[in-house]
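Below are the chains, spelled out letter by letter.
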Amino acid sequence: MNHMDLKRITWQSVKWRRAQNIVTKLQRKIFQAELEKNKAKLHKYQNRLLESDSAKLLAVRRVTQDNRGKKTAGIDGVKFLKPEERLKLAKEIKVDGKASPIRRVYIPKPGTDEKRPLGIPTVKDRAKQALVKMALEPEWEAKFEPNSYGFRPGRSSRDAIEAIHHTLRGSQTGKFVLDADISKCFDKIDHDKLMAKVDTFPKLGRQIKAWLRSGVFDKGAYLPTSAGTPQGGVISPLLSNIALHGMETHLKIWVATQTIYNQNGVKLSPTSKRASLGVIRYADDFVVLHKDQHIVAEAKQEVERWLATVGLELKETKTRVTHTDTIYKEQIGFDFLGFNVRRYPVGLNSRNKFGANRKTIIKPCKKAIKSHYEELASIVKHTNKTEVLVTQLNPIIRGWCNYFSTVSSKKSYSRLRSLLFYRLWKWARKKHPTRPAEWRYQKYFRKSGSQLVFGLETTGAWVGIKYHNQYKITRHVKVKGTKSPYDGDLIYWTTRLSRYSGLTGRIARLLRRQKGKCKLCSLPFWHEDVMEIDHVKPKSKGGKDGINNLRLVHGHCHDQRNSIEKIQKVPPGKA
């Protein structure tokens, strides 16, 4: 695509497979150049990618097609682009050091009455940010610390939770925990300190600085931006990760200077001291674990000093010290990313290979369970039609259960199933107050195994709710600390996607059957790709919903196939 004139092609005729291969090869070269600490080679490949027509086309596709969420316009008012407009945008975007102001919108913050401010860039700036991210992310993937998991390709909250489990599993006496949260991380990052960390070549540096200083339109008023990276931008999560990069390394170096003794009273070596401290970060949430209380207390002060160097501070209301085994400051264990982590006493027969008399059990936290049930109860309360109730409840239950499906969630699942069942029975009784109980059972419930399933009869088939306790608990394998999707190990990442991505049902089955590749373009799926199920033989032509008539495809491949079919259906002279 570097050798193809964009003036002579259409959006539908772009050879996306070739474009992706060109960009992937450049990204791997960038990743390798950073590993070799070869700045000249690194900047050469980054500049080549920024000038690549293939990368520009992929960047535009990323922000105009792959974004399947709610579309919010920037100050340009543009939400949707037609194929010819996408191609025009790809021709126009270039890293020129210019940026338009962002539009401020506010969204509710889950679990609180607060609202989170988002900054929505224009479509052109979004495409430019996607292009710059393609060049900048491989460099930083080669730099990022092994226990950083948020906003990184191929990593998830599951990996962060599994890292905590690994840190605790060999402990005999448990550990003190600094459970911390950074106050308004996206809004307070010092621009000068961030740019010093990015440390890239002038062309790219000017562009990033332009986005940071572009200003905000809030309720019609223009406000300059002197700090922070606006939430809502394509490149903002990467920039926030860059700002927080170095915390784990700093704490490991710091703890090596402290005096620490093992259980036998022998002084630990610097290497052992670094290994004894656990630091796990997911975006702006992190935990620090160590067996000595004074080390954790001093680590809090050390973190505060380090954060001050990038203009940040800890949020005191969400920062606390606790212990994994015993009550400390009226609390035992800690909550992290919606999970509760705590160690429980066990007998001789239940001890692990390390011989510890306590076992680490991770499960959904009480707040997450309560919030989820309240959402389900609200839907049941405000919905009158059975089919709408089933349609709305199933995806919410599936999403929640998939998120917690790798930890000890069995009891939580059973409890939620019971609460939901009685809520649905109350709904049926309220809807038909004069009908006998037997009639309500026959109309709304069917026996499935040992439980009654709520649902309805449609076209001769029973469609019911899949309860929480019908979802399986599966073990998650943590990503290797040094691995990155840009390292070229396709087998490793394809295997992880098919086994440990949390995908369930037909999508997971199709993904395994297709060996992790799209059936239309034959390119592998990545964790950030939109996956959609497509019928090989369309239902309009008699195709069925059976697994043998289905295939898994990229969202953009699906769009392109549908648009070509529509063009082919247009009668001559009507186009």
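The structure we're discussing is the one just above.
Please read these numbers as outputs of a predicted model, since none were measured by experiment.

Reading the values: the criteria
- Residues numbered from 1 in each chain as written.
- Predicted model: local features only at pLDDT ≥ 70, side-chain atom pairs only at ≥ 80, totals over all residues.
- Heavy atoms only, no water.
- Helix = DSSP H or I, 4+ residues; strand = E, 2+ residues; numbered from the N terminus.
- Rg over C-alpha atoms; globule rule 2.2 N^0.38 Å.
- Buried < 20%, exposed > 50% of the residue type's maximum accessible area, 1.4 Å probe, protein only.
- Contact = heavy atoms within 4.5 Å.
- Areas by Shrake-Rupley, 256 points an atom, 1.4 Å probe, with all protein chains shown as cover.
- Lys, Arg positive; Asp, Glu negative; His and termini not counted.
- Charge placed at Lys NZ, Arg CZ, Asp CG, Glu CD.
- Patch = residues over 30% accessible without salt bridge, like charges linked within 9 Å, V, L, I, M, F, W, Y side chains within 5 Å.
- Salt bridge = Lys/Arg side-chain N within 4 Å of Asp/Glu carboxyl O.
- Pairing = 2+ DSSP bridges.
- Axes fitted to C-alpha atoms, helices over the stretch in contact; angles between N-to-C directions.
- Phe/Tyr/Trp six-rings, centres within 6.5 Å; stacked < 30°, edge-to-face > 60°.
- Lys NZ or Arg CZ within 6 Å of the ring centre and 35° of its normal.
- Core = buried A, V, L, I, M, F, W, Y, C linked by side-chain atoms within 4.5 Å.
- Expected span 1.5 Å × (residues − 1).
- Parallel < 35°, antiparallel > 145°, perpendicular 65-115°, else oblique.
- Nonpolar A, V, L, I, M, F, W, Y, C, P; charged D, E, K, R; others polar.

So, on to the overall build of the protein chain. In terms of helices and strands, the protein chain carries 20 helices and 16 strands. Taken against the 2.2 N^0.38 rule, which gives 25 Å for 575 residues, the C-alpha radius of gyration of the protein chain at 26 Å falls within 12% of a compact globule. Expressed as a percentage of the 575 residues in the protein chain, the buried residues total 48%. For the protein chain, contacts bridging at least 24 residues in sequence account for 69% of all contacts bridging at least 6. Entry remark: accessible area of the protein chain is about 29,100 Å², with carbon and sulfur atoms responsible for 51%. Distance between charge centroids for the protein chain: 7 Å, based on 113 positive and 53 negative side chains.

A few words now on a positive patch on the surface. On the surface, Lys-25, Lys-29, Lys-44 and Arg-48 cluster together into a patch of positive charge. Among the secondary structure elements, Lys-29 is positioned in helix α1 (residues 16-35). Exposure remark for Lys-29: the relative accessible area of 38% places this residue in the partly exposed category.

To continue, consider the sheet that holds strand β3 (residues 176-181). As summarised here, the arrangement of the four strands in space is β6-β7-β3-β8, forming an open sheet in which the pairing is antiparallel. The open sheet has two free edges, formed respectively by β6 (278-282) and β8 (320-323), since each of these has just one partner strand. Strand-to-strand twist of the sheet, defined as the mean angle between neighbouring strand axes without regard to direction, takes the value 20 degrees. For β6 and strand β7 (residues 285-290), the ladder comprises five bridges, and the chain directions are antiparallel.

Moving on, we come to the packing of aromatic side chains. Applying the stated criterion across every chain yields a total of 20 aromatic pairs. Where Trp-425 meets Phe-445, the ring centres are 6.1 Å apart and the plane angle is 55 degrees; that geometry is what we call tilted. Of this pair, Trp-425 sits in helix α16 (residues 410-431) while Phe-445 sits in strand β12 (residues 445-448); the two residues are 20 residues apart in sequence, bridging distant segments of the chain. Across this residue pair, the class does not change: Trp-425 and Phe-445 are buried. Through a chain of ring-to-ring contacts, three or more aromatic side chains come together here, namely Phe-421, Tyr-422, Trp-425, Trp-427, Tyr-441, Tyr-444, Phe-445 and Phe-454. The lysine or arginine in question, Arg-435, covers the ring of Trp-439, its NZ or CZ lying 4.4 Å from the ring centre. Sitting above the plane of the Tyr-492 ring, Lys-483 keeps its charged end 5.0 Å from the centroid.

Our next topic: the nonpolar core. Among the nonpolar cores identified, the biggest contains 77 residues, and Leu-49, Ile-182, Ile-208, Ile-242 and Leu-307 are the most heavily contacted of them. For this core, the leading source of residues is helix α5 (residues 123-141), giving nine residues. If we ignore the near neighbours within four places in the chain, the residues touching Leu-307 are Ile-182, Leu-244, Met-247, Leu-312, Glu-313 and Leu-314. Counting 50 residues, the second-largest nonpolar core is a separate cluster that includes Ile-280, Leu-393, Tyr-413 and Ala-428.

Bringing the sheet that holds strand β5 (residues 221-223) into the picture now. Read across the open sheet, the four strands follow the order β2-β1-β4-β5; overall the sheet is mixed. Two strands lie at the open edges of the sheet, namely β2 (115-120) and β5, each paired on one side alone. Across this sheet, the average inter-strand angle for adjacent strands is 40 degrees, counted without regard to direction. As defined by bridge partners, strand β1 (residues 102-108) adjoins β2 across six bridges and the pair is classed as antiparallel.

Another point: helix α6 (residues 157-168). For an α-helix, the turn length of 3.6 residues means that residues three or four places apart are oriented alike. For α6, with twelve residues, the first-to-last C-alpha span of 17 Å sits near the 16 Å given by 1.5 Å per residue. Among the twelve residues in α6, nine count as buried, and that is most of the element.

Look at helix α15 (residues 386-403) against α16: their axes get within 14 Å of each other, and the N-to-C directions meet at 170 degrees. Comparing the axis directions of α15 and α16 gives the class roughly antiparallel. Across from Thr-386, Leu-389, Leu-393, Ile-397, Trp-400 and Cys-401 in α15, the residues of α16 making contact are Tyr-413, Leu-416, Leu-420, Leu-424, Trp-427 and Lys-431. Grouping the constituent residues of the contact of α15 with α16 by class yields ten nonpolar, one polar and one charged.

The analysis is restricted to geometry; functional conclusions fall outside its scope.
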